[in-house]
Amino acid sequence: MSTVSAHTTAAPSRAAHHTGFWIVAGAFLFSMAFTTVPTPLYPIYEQRDGFGGFVVTLVFAAYAVGVMAALYLAGHVSDWLGRRRLLIASVAIEAIAAVLFLVWNALPGLLTARFVSGIGVGTLTATATAYLAELRAVSHPGEPRAKAATAATVINTGGLALGPLIGGLLAQFLPAPVVTPFAVFLVLLVVALGLVLFVPETVDVAGSRRRYAPQRVSVPAEARATFAAAAIGAAAAFSVLGFFTALTASIVVGLLHLGGHLVAGAVVFGVVGASATSQFALARVEGRRKLQLGVALMVIGLALVAMVGLAPSLALLIVGGVIAGSGVGLVFTSSIGVAAASARPDNRGEVLAGMFLAAYAGLTVPVIAVGVALAFFPIPNVLVVFALVVLVIVVLAGVPLLRRR
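The sections below set out a description of the structure shown in this document. Please read all numbers here as calculations on a predicted model, not as lab measurements.

1. Looking at helix α6 (residues 107-139)
Think of an α-helix as 3.6 residues a turn; residues three or four steps apart then line up on the same face. In this model α6 runs 46 Å from its N-terminal to its C-terminal C-alpha over 33 residues, within 8% of the 48 Å that 1.5 Å per residue would give. At Leu-124, α6 shows its largest bend, some 35°.

2. Comments concerning helix α5 (residues 83-103)
When the terminal C-alpha atoms of α5 are compared, their 30 Å separation across 21 residues agrees well with the 30 Å that a helix rising 1.5 Å per residue should span. If you check which residues of α5 are buried, you get Arg-83, Leu-86, Leu-87, Ser-90, Val-91, Glu-94, Ala-95, Ala-97, Ala-98, Leu-100 and Phe-101.

3. Things to note about the pattern of salt bridges
Overall, the coordinates contain 4 salt bridges when judged by the stated rule. Residue Asp-79 is joined to Arg-83 by a salt bridge in which the shortest nitrogen-to-oxygen separation is 2.8 Å. Assessed through its relative accessible area of 36%, Asp-79 is described here as partly exposed. For Arg-83, a relative accessible area of 7% translates into the label buried. Ionic pairing is found between Arg-83 and Glu-134, a salt bridge with its closest N-O pair at 2.7 Å. Placement of the pair is Arg-83 in helix α5 and Glu-134 in helix α6, with a sequence separation of 51 residues.

4. Side note on the packing of helix α9 (residues 224-255) against helix α12 (residues 314-342)
For the pair α9 and α12, interaxial distance at closest approach is 8 Å and the crossing angle is 155°. Relative to α12, the element α9 lies roughly antiparallel. With respect to the hand of their crossing, α9 and α12 are arranged in left-handed fashion. Residues Thr-226, Ala-230, Gly-233, Ala-234, Ala-237, Phe-238, Val-240, Leu-241, Phe-244, Ile-251 and Val-252 of α9 form the contact with α12, whose participating residues are Leu-317, Gly-321, Ala-324, Val-328, Val-331, Phe-332, Ser-335, Val-338, Ala-339 and Ser-342.

5. Remarks on unusual backbone geometry
In this structure, Ala-176 takes a positive phi of about 55° despite not being glycine. When you line up the elements, Ala-176 lands in the loop between α7 (145-173) and α8 (180-196). Take Ala-176: its relative accessible area is 37%, and that puts it in the partly exposed class. You will see that His-257, though not glycine, has its phi angle at about 55°, which is positive. Along the chain, His-257 turns up in the loop between α9 and α10 (261-281). Using a relative accessible area of 64% as the deciding quantity, one classes His-257 as exposed.

6. Side note on the packing of aromatic side chains
Taken as a whole and assessed by the stated rule, the structure comprises 11 aromatic pairs. Ring geometry for Phe-101 and Phe-182: centres 4.2 Å apart, planes at 0°, overall stacked. Placement of Phe-101 in helix α5 and of Phe-182 in helix α8 is noted, with a sequence separation of 81 residues between them. Taken as a pair, Phe-101 and Phe-182 share a single burial class, namely buried. A ring pair is formed by Phe-243 and Phe-386, whose centres lie 4.3 Å apart and whose planes are at 15°; its orientation type is stacked. Of this pair, Phe-243 sits in helix α9 while Phe-386 sits in helix α14 (residues 379-403), and the two are 143 residues apart along the sequence. Judged by its relative accessible area of 10%, Phe-386 is buried. Taken together through their ring pairs, the aromatic side chains of Phe-34, Phe-101, Phe-182 and Phe-185 make up a single cluster. Above the face of the Tyr-63 ring, Arg-114 is positioned so that its terminal group lies 4.5 Å from the ring centre. Across from the ring centre of Phe-21, 5.1 Å away, lies the NZ or CZ of Arg-136, which sits over that ring.

The rules behind each value
Residues numbered from 1 in each chain as written. Predicted model: local features only at pLDDT ≥ 70, side-chain atom pairs only at ≥ 80, totals over all residues. Heavy atoms only, no water. Helix = DSSP H or I, 4+ residues; strand = E, 2+ residues; numbered from the N terminus. Expected span 1.5 Å × (residues − 1). Bend = angle between axes of the 7 residues up to and from the residue. Buried < 20%, exposed > 50% of the residue type's maximum accessible area, 1.4 Å probe, protein only. Salt bridge = Lys/Arg side-chain N within 4 Å of Asp/Glu carboxyl O. Axes fitted to C-alpha atoms, helices over the stretch in contact; angles between N-to-C directions. Parallel < 35°, antiparallel > 145°, perpendicular 65-115°, else oblique. Left-handed = near helix turned anticlockwise from the far one by under 90°. Contact = heavy atoms within 4.5 Å. Phe/Tyr/Trp six-rings, centres within 6.5 Å; stacked < 30°, edge-to-face > 60°. Lys NZ or Arg CZ within 6 Å of the ring centre and 35° of its normal.

This is the structure:
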């Protein structure tokens, strides 16, 4: 009798957690895609409001600052407040950002909306990743946890890739190009928010009470050299994604003299999508070989991107971006792996928190520097110098990382 009872209660639980996994995956995907929807729309704002590439980089940097602040202050609180509660808050924050884009699309509104969106992502990323792993563990007991981690990575990066493509499509073929994309995503986010309410909680909230403190970031003294190399590698990788996400539209319009929002969105989709694809397709490749391949791809891709400044070509930009993006995915995952392996079990979370903060610093600081340079120098010169500087940094970070694989 007890065996039948256990079976009948376990089966519905597995079904609920299985359905919940896909609901959380959808909410994660929509939220991450929303954060990159503005990418192909920046030239519209530039032309309408008369600002240049430097202001665009500030708008982008507002997002990254929001992400870093939220990662430090709230990225870990779902461990005791509950996954569902934090996921609901994160998606709701993204919906608020969508409303801000719709009702306040002057420059102060753009800065505010991007900062708010960054806060939502900073609380979302770790929460959704942990939630997916825990839901999958119940619905598919015995399955390797690496599968859920890979799924979360692909959803995360895949969402970032889809955003510019969808934004470009909607802006290209539907009216009100700075309204329609955000209206569509507002509906998607609200639907996702309603569905998340029915996902089972995976944290024992009542038994997990603790006093709040910001995310602790620490690195053991014996691992600091390894961590520094890994952090530089992750920052260099994210700087490439930041550059393409923030400035592709300006390059397509200002350097290549091509119209159409879809072109810029498709280029960014190719770059970020290549990053997601390389992580998934080469997940089983041995660590050292993966890092070697990642560094080589980033060097080749960045060299081709630098050539775009000397001989403007959309084909060269796409090919170079996709090759560099493929390398970005491999270098980033290798950097995370090196950092995690160098940490003690009791402070692995603190080390990884430092890695993600370093990565988002790489997403922010170089892009702002590029924006400042664009105020004084033409796009071709800035493009060449940026690509070559990041190329050198990747090589300098890759050599010590390879010694530690």
